[in-house]
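# Remarks on the overall topology
So the chains spell out like this:
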Amino acid sequence: MIDVAAANALLREALSVQGVTSDPRPLDPDRPPAQAQLFSDGRTLYKVYAPDALTRATAQAKAQANVAQSGLAPPILFQQNTILAMPHLGGPDLATLWQKADASVAVEAGTWLRAYHALTLRRFPFRPAGHVKWLARLLDQADSGERHIPDQAAFRQAANRTREYAEAARKQKATRAVTHRDMTLSNLVRDETRVLGIDFENMREDEPLRDLFTLALDIATIGNVSSLASLRAAYADRHTAPPVRLFLQRCFCHWVWANTPTAPSRRQTRRLDFARGLLDSDVLIL
Ligand SMILES: Nc1ncnc2c1ncn2[C@@H]1O[C@H](COP(=O)(O)OP(=O)(O)O)[C@@H](O)[C@H]1O
Ligand SMILES: [Mg+2]
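The model shown is predicted, which means the values in this text are computed figures rather than measured ones.

With that out of the way, let us pick up the overall build of the protein. Of the regular secondary structure elements, the protein holds ten helices and ten strands. Overall size of the protein, expressed as C-alpha extent along the three principal axes, is 60 × 40 × 35 Å. Counting every position in the protein, which comprises 286 residues, the buried fraction comes to 50%. In the protein, which carries 36 positive and 30 negative side-chain charges, the distance between the mean positions of the two groups comes to 7 Å.

Looking now at the pattern of salt bridges. Opposite charge on two side chains permits pairing when their charged atoms draw close. The tally for this structure, following the rule as stated, stands at 20 salt bridges. In this structure, the salt-bridge partner of Arg12 is Asp23, at a minimum N-O distance of 2.9 Å. Here Arg12, found in helix 1 (residues 4-18), pairs with Asp23, found in the loop between helix 1 and strand 1 (25-26); they are eleven residues apart in sequence, far enough to count as distant. Overall, the relative accessible area of 32% leaves Arg12 in the partly exposed class. In this structure, the salt-bridge partner of Arg122 is Glu205, at a minimum N-O distance of 2.6 Å. One end of the pair, Arg122, is in strand 6 (residues 122-125); the other, Glu205, is in strand 10 (residues 205-206), and 83 residues separate them in sequence. Under the relative-accessibility criterion, Glu205 is labelled partly exposed at 31%. Via salt bridges that share partners, Arg122, Arg176, Glu205 and Glu207 belong to a single interconnected network.

Moving on, we come to the coordination of the magnesium ion (ligand 2). For the magnesium ion (ligand 2), the full set of protein donor atoms is Asn187 (OD1) and Asp199 (OD), at a range of 2.2 Å. Linking Asn187 in the loop between strand 7 (173-178) and strand 8 (188-191) with Asp199 in the loop between strand 9 (194-197) and strand 10, this pair joins segments that are twelve residues apart in sequence. Take Asn187: its relative accessible area is 4%, and that puts it in the buried class.

Taken as a whole, the largest pocket encloses approximately 830 Å³ of empty space. Lining the largest pocket we find 31 residues, and of these Leu27, Leu38, Ser186, Asn187 and Ile198 sit closest to its centre. Of all the secondary structure elements, the ones that give two or more residues to the lining of the largest pocket are strand 2 (36-40), strand 3 (44-49), helix 2 (54-68) and strand 5 (83-87). Taken together, the residues of the lining of the largest pocket sort by class into 14 nonpolar, nine polar and eight charged. Split by domain, the lining of the largest pocket shows at least three residues from each of two domains, domain 1 (4-87) and domain 2 (94-281). What the second largest pocket holds in volume is close to 390 Å³. Lining of the second largest pocket is provided by 18 residues; of these, Thr214, Leu217, Trp255, Val256 and Arg271 occupy positions nearest its centre. Residue composition of the lining of the second largest pocket, by class: six nonpolar, five polar and seven charged.

Bringing the state of the cysteines into the picture now. Enumeration over the complete set of coordinates arrives at zero disulfides. Free of any disulfide, Cys251 has its nearest neighbouring cysteine sulfur in Cys253, separated by 9.2 Å. Here Cys253 falls in the buried class, since its relative accessible area comes to 1%.

With that out of the way, let us pick up unusual backbone geometry. Of note, the amide linkage connecting Gly91 to Pro92 takes the cis form, showing an omega dihedral of -5°. Topologically, Pro92 is positioned in the loop between strand 5 and helix 3 (94-99). In this structure, Asp151 takes a positive phi of about 50° despite not being glycine. Mapping Asp151 onto the fold places it in the loop between helix 5 (129-144) and helix 6 (152-169). Positive phi, close to 80°, is recorded for Arg181, a residue that is not glycine. As for its position among the elements, Arg181 is in the loop between strand 7 and strand 8.

Scanning the entire structure with this criterion turns up seven aromatic pairs. Arranged with centres 6.2 Å apart and planes meeting at 45°, the rings of Trp112 and Phe200 form a pair that is tilted. Of this pair, Trp112 sits in helix 4 (residues 105-118) while Phe200 is found in the loop between strand 9 and strand 10, placing the two residues 88 residues apart along the sequence. Accessibility assignment for this pair places Trp112 and Phe200 in one class, buried. On the basis of an interplanar angle of 50° and a centroid distance of 5.5 Å, the ring pair of Phe213 and Phe252 is categorised as tilted. Of this pair, Phe213 sits in helix 7 (residues 208-221) while Phe252 sits in helix 9 (residues 242-258), placing them 39 residues apart in sequence. When the ring centre of Phe124 is taken as origin, the NZ or CZ atom of Arg176, which lies over that ring, is 5.6 Å away. Of note, Arg250 hangs over the ring of Tyr165, and the distance from its end group to the ring centre comes to 5.0 Å.

So, how was this worked out
Residues numbered from 1 in each chain as written. Chains lettered and ligands numbered in written order. Predicted model: local features only at pLDDT ≥ 70, side-chain atom pairs only at ≥ 80, totals over all residues. Heavy atoms only, no water. Helix = DSSP H or I, 4+ residues; strand = E, 2+ residues; numbered from the N terminus. Buried < 20%, exposed > 50% of the residue type's maximum accessible area, 1.4 Å probe, protein only. Lys, Arg positive; Asp, Glu negative; His and termini not counted. Charge placed at Lys NZ, Arg CZ, Asp CG, Glu CD. Salt bridge = Lys/Arg side-chain N within 4 Å of Asp/Glu carboxyl O. Donors = N, O, S within 2.8 Å, 3.2 Å for Na, K, Ca; no water. 1 Å grid on protein atoms, 1.4 Å probe; cavity = no way out; pocket = protein on both sides within 12 Å on 5 of 7 lines; lining within 4 Å. Points joined across faces, edges and corners; volume = space filled by probe spheres on them. Nonpolar A, V, L, I, M, F, W, Y, C, P; charged D, E, K, R; others polar. Domains from an automatic or database assignment. Disulfide = S-S within 2.5 Å. Phe/Tyr/Trp six-rings, centres within 6.5 Å; stacked < 30°, edge-to-face > 60°. Lys NZ or Arg CZ within 6 Å of the ring centre and 35° of its normal.

Quick look at the structure:
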């Protein structure tokens, strides 16, 4: 974790090494200590990680530079120790726009995610075993008291149903791709007419629909409108078989539920309500 003052000191040092003479200011001067702090001089945005987060900063720089080659992320201008420099996009991010009920957000998000997954997407017969094991582990942890899951009995009942869905999904049409893994509306930023992604770290293959699900969670729980059909239409996955979609959707809902803390924030309560609603109804949003 790093606070604004410590990040500012690190940044000044790095800028003098780089010979940069501008005077970047914190994007949010009151931001509490966080993984990283952000500064900008209006043209260049500096993301400053704590000195002990070099591996993380380097992973982010590498992943973002890689995606930037395809025009889907801003380039990394330079990395100096734990500081990343990139163009400051026109903005704002899609979470901010969605709070203002900007109608094109869902389509923009779905379109960007489709293009991003397309870089690495491959078809793959679905294997539910890993998910089934993960669910069993969650239930074990809840039993042993290692993990608190709200309304545990209802969670167990829903999880048992989910396990029954695994068989129908096995070997059905599915895809794999390098996923973002923190695919929120706040990690998509508008720049004039296009949208670019930021905050990459992951370079491994996973379930692409997990990224679509986390975007849907944001769309359903930030602001007061829902536009899940537009998100899904823009993402336009015509390959994955419905039983796979349904099984994965249920797993992602369990993930939200099992990670809801004992004293949830309003936002976490909305996310949990959304997940439980989907588990009850099985309405497919993916
Ligand atoms: N290059 C950029 N141009 C414009 N805004 C940005 C840029 N990078 C980050 N931001 C803004 O700062 C916010 C936080 O940046 P991010 O890199 O996602 O940090 P964190 O790891 O704290 O989520 C983003 O949601 C976005 O609003
Ligand atoms: Mg972010």
